[in-house]
Amino acid sequence: MLFDGLKPQAPDALLALIGMFAADPREGKIDLGVGVYRDETGATPVFRAVKAAEAKLVETQSSKSYLGPEGDIRFTELLKPIVFGAGADTSSIVGVQTPGGTGALRLAAELIASAKPKATIWLGTPTWPNHPPTFSSAGLTLATYRYFDQAAQHIRFDEMMDALNRAETGDVVLLHGCCHNPTGANLTSAQWAEVAAIVGKRGLLPLVDLAYQGLGGGLDEDSAGLRMVMEAAEDVIIAYSCDKNFGLYRDRVGALYVRAKQKARAELILSNMLALARPNWSMPPDHGAAVVRTILEDAALTADWRAELTSMRERITTVREALAAGDSNFLAPIAQQQGMFSLLPISAEQVATLRKDHAVYMAGSGRANLAGLTLKTVPKFIEALKAVR
Ligand code: LMR
């Protein structure tokens with residue numbers, strides 16, 4: 001039979017943690033697995049502005065008729081000043097709504113493959129585990145370089161620059177816009193400037209994955225690197241996610257933007273994005289994007305969203321500082337890193353022991369979602385880490 005040819009597939013290791021954690025009956029268990037924000041009570045609440053926008057939508061939405069493969073155009077337009085800057089010239093930026101950031105990455109991969117089958121995409125390792133299969137399953141050729149030294153906890157910037165110098169004109173370069181996943185180690189402003197310069201000089205195509213804007217240094221700070229690359233490069237692809245910074249995870253809210261230097265090329269690219277979206281998901285799910293649009297159309301809701309995002313970011317910073325202060329040797333680098341994640345210098349065996357003996361759940365790579373900690377649980381986590389080292 002046809003399906004006899006299939007090979008069994010292991011469940012996604014990261015997503016499997018959700019079920020494992022839920023099934024653990026131990027009191028005081030700590031979830032540092034999948035990347036969702038948690039508050040000081042351990043909850044992942046719906047944003048106040050999202051609740052208000054949802055209520056408004058229920059009241060005012062008069063139809064659920066189709067919108068088309070581009071999704072909610074007002075949503076992609078209203079996000080532009082947040083992503084690209086308040087005064088930015090966005091006349092040659094085209095965008096479509098996608099099902100989450102993953103949908104944006106997948107559409108980007110297919111767009112690249114349509115223009116150049118088997119095009120090479122450069123990935124710094126480690127990267128988000130879903131990046132390689134998303135690109136390779138669309139037919140792209142993966143090339144890698146070492147981005148981060150897990151033991152020494154620093155970026156291997158020389159290796160990154162060496163790779164970008166070896167890349168050929170037209171190769172795609174994946175860049176994490178902010179809050180690097182899984183390491184939390186982001187390029188400095190000076191390093192972004194060097195990356196932008198080489199991308200421009202060598203005619204590389206940056207694909208910037210911006211999935212955590214606002215959770216690192218602030219909304220503008222977190223897209224400063226992207227904006228530098230946009231100055232230097234001919235064309236730039238941006239895969240955007242609202243899943244984390246609006247807390248809309250399961251509603252799957254994202255966008256794919258392309259900035260082309262020439263307006264005519266931007267229109268050509270848009271027509272291809274729409275043609276590729278159609279056989280994938282036909283039209284993106286509306287609700288989450290309609291919520292974001294409703295917030296961004298309303299000054300008071302936008303201000304409240306920004307305030308709540310700021311308090312989330314500040315809480316993560318507080319946890320990072322408490323960790324670094326609590327074990328100033330081993331955990332010191334955590335205070336310099338940003339966003340939800342850090343990649344701890346521990347082995348897969350140590351991660352397994354943390355789970356078995358201490359009910360602490362994190363990815364086998366050593367990635368910890370620090371938003372899963374509170375000032376109350378930090379000491380327990382530090383003790384557990386000491387016990388397995
Ligand atoms: C994560 O890295 O934990 C998140 O982006 C969730 C996911 O889809 O993997």
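Keep in mind that what you see is a predicted model, and the values were worked out from it rather than measured.

Asker: Help me out: how do you make sense of the overall build of the protein chain in this one?
Answerer: Of regular secondary structure, the protein chain possesses 14 helices and 13 strands. Scaling as 2.2 N^0.38, a compact globule of 389 residues should have a C-alpha radius of gyration of about 21 Å, and the protein chain matches this with 21 Å. By its C-alpha atoms, the protein chain is 60 × 55 × 55 Å across when sized along the principal axes. Taking all 389 residues of the protein chain together, 53% fall into the buried category. Sequence separation of 24 or more characterises 75% of the internal contacts of the protein chain that already satisfy a separation of 6 or more. When the accessible area of the protein chain is evaluated, it comes to approximately 17,000 Å², of which 56% is carbon and sulfur surface.

Asker: Please explain helix α14 (residues 378-388) as it appears in this structure.
Answerer: Helical geometry note: an α-helix holds 3.6 residues per turn, so side chains three or four residues apart project in the same direction. Along α14, the residues classified as buried are V378, F381, I382, A384, L385 and V388. Each buried residue of α14 sits inside an arc of 160° when the element is viewed along its axis, so together they form one side. The inward-facing, buried residues of α14 abut α12 (299-326), α13 (348-358) and β12 (360-361).

Asker: Explanation requested: the pairing of strand β2 (residues 93-99) in the structure shown.
Answerer: Remark: a regular strand shows side chains that alternate across the two faces of the sheet. Buried residues dominate β2, accounting for seven of its seven residues. Residues I93, G95, Q97 and P99 line one face of β2 and the alternating positions V94, V96 and T98 line the opposite face, and both faces are buried. Where β2 and strand β10 (residues 253-259) come together, seven bridges link them in antiparallel fashion. Among the inter-strand pairings, Q97 is bridged to a residue of β10, identified as A255.

Asker: Where do I start with the sheet that holds strand β8 (residues 205-210) in this structure?
Answerer: Working definition: the strands of a sheet are paired by backbone hydrogen bonds and lie parallel or antiparallel to each other. Taken in spatial order, the seven strands of this open sheet run β2-β10-β9-β8-β7-β3-β4, and their pairing is mixed. Strands at the two margins of the open sheet, each flanked by one partner only, are β2 and β4 (141-146). Along the sheet, successive strands turn relative to each other by an average axial angle of 20°, direction set aside. Along the sheet, helix α6 (residues 157-166) contacts β3 (120-125), β4 and β7 (172-176); its crossing angle with β4, the most-contacted strand, is approximately 145°.

Asker: Help me out: how do you make sense of the site of the ligand in this one?
Answerer: Taken together, L14, V34, G35, W128, N181, Y212, K244 and R367 make up all the residues around the ligand. A distance of 3.0 Å is found between an oxygen atom of the ligand and a side-chain nitrogen or oxygen belonging to N181. In this structure, Y212 approaches the ligand through a side-chain N or O atom, which is 3.5 Å from an oxygen atom. For the ligand, whose accessible area on its own is 260 Å², the fraction buried by protein is 80%. Within the shell around the ligand, the residues separate by chemical class into four nonpolar, two polar and two charged. Counting only domains with at least three residues in the shell around the ligand, you end up with domain 1 (2-46 + 300-388) and domain 2 (66-297).

Cut-offs used in this document
- Residues numbered from 1 in each chain as written.
- Predicted model: local features only at pLDDT ≥ 70, side-chain atom pairs only at ≥ 80, totals over all residues.
- Heavy atoms only, no water.
- Helix = DSSP H or I, 4+ residues; strand = E, 2+ residues; numbered from the N terminus.
- Rg over C-alpha atoms; globule rule 2.2 N^0.38 Å.
- Buried < 20%, exposed > 50% of the residue type's maximum accessible area, 1.4 Å probe, protein only.
- Contact = heavy atoms within 4.5 Å.
- Areas by Shrake-Rupley, 256 points an atom, 1.4 Å probe, with all protein chains shown as cover.
- Arc of directions from axis to C-beta.
- Pairing = 2+ DSSP bridges.
- Axes fitted to C-alpha atoms, helices over the stretch in contact; angles between N-to-C directions.
- Near = heavy atom within 4 Å.
- Polar contact = N/O pair within 3.5 Å; in protein donor to acceptor, adjacent residues only side chain to side chain.
- Nonpolar A, V, L, I, M, F, W, Y, C, P; charged D, E, K, R; others polar.
- Domains from an automatic or database assignment.

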